[in-house]
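Structural characterization, general
Here is what each chain is made of, one letter per residue.
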Amino acid sequence: MRDVPQRHGLTAYRRVLALATDEQRPHLDRYMRAFIHWHFHSSRYRWQSIYPGLAPLEV
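What comes next concerns the included structure. (Residues numbered from 1 in each chain as written. Predicted model: local features only at pLDDT ≥ 70, side-chain atom pairs only at ≥ 80, totals over all residues. Heavy atoms only, no water.)

Some thoughts on the overall build of the protein
- Regarding its fold elements, the protein presents two helices and zero strands.
- A buried classification covers 12% of the 59 residues belonging to the protein.
- Contacts in the protein between residues at least 24 apart in sequence constitute 0% of all its contacts with a sequence separation of at least 6. (Helix = DSSP H or I, 4+ residues; strand = E, 2+ residues; numbered from the N terminus. Buried < 20%, exposed > 50% of the residue type's maximum accessible area, 1.4 Å probe, protein only. Contact = heavy atoms within 4.5 Å.)

Set out below in structure tokens:
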């Protein structure tokens, strides 16, 4: 059975954090979460048309 793309994203996220040092990990975690949040909530990428429950960043 093939993984859905969402799982691949979570796997990549965890691998990046695993490669980071203890000092880098919290900064990388915050950066990656903010990057993902912005891309999902920015109207530029039109995710609201697929997931109407996402709150837009721009009003």
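Having put the structure on the table, let's press on.
So, the pattern of salt bridges
- Within this structure, the stated rule accounts for two salt bridges.
- Measuring nitrogen to oxygen at the nearest pair gives 2.9 Å for the salt bridge that ties Asp-29 to Arg-33. Of the two residues, Asp-29 and Arg-33 both sit in helix 2 (residues 25–41), four residues apart, roughly one turn of that helix. (Salt bridge = Lys/Arg side-chain N within 4 Å of Asp/Glu carboxyl O.)

So, the environment of His-39
- Among the structural elements, His-39 can be located in helix 2.
- A distance of 2.9 Å separates the side chain of His-39 from the backbone oxygen of Phe-35, its partner in a polar contact. (Polar contact = N/O pair within 3.5 Å; in protein donor to acceptor, adjacent residues only side chain to side chain.)

Remarks on the environment of Ser-43
- Looking at where Ser-43 falls in the secondary structure, it is placed in the segment after helix 2.
- Here the alpha-carbon distance between Ser-43 and Ala-55, two residues 12 residues apart in the chain, equals 9.5 Å.

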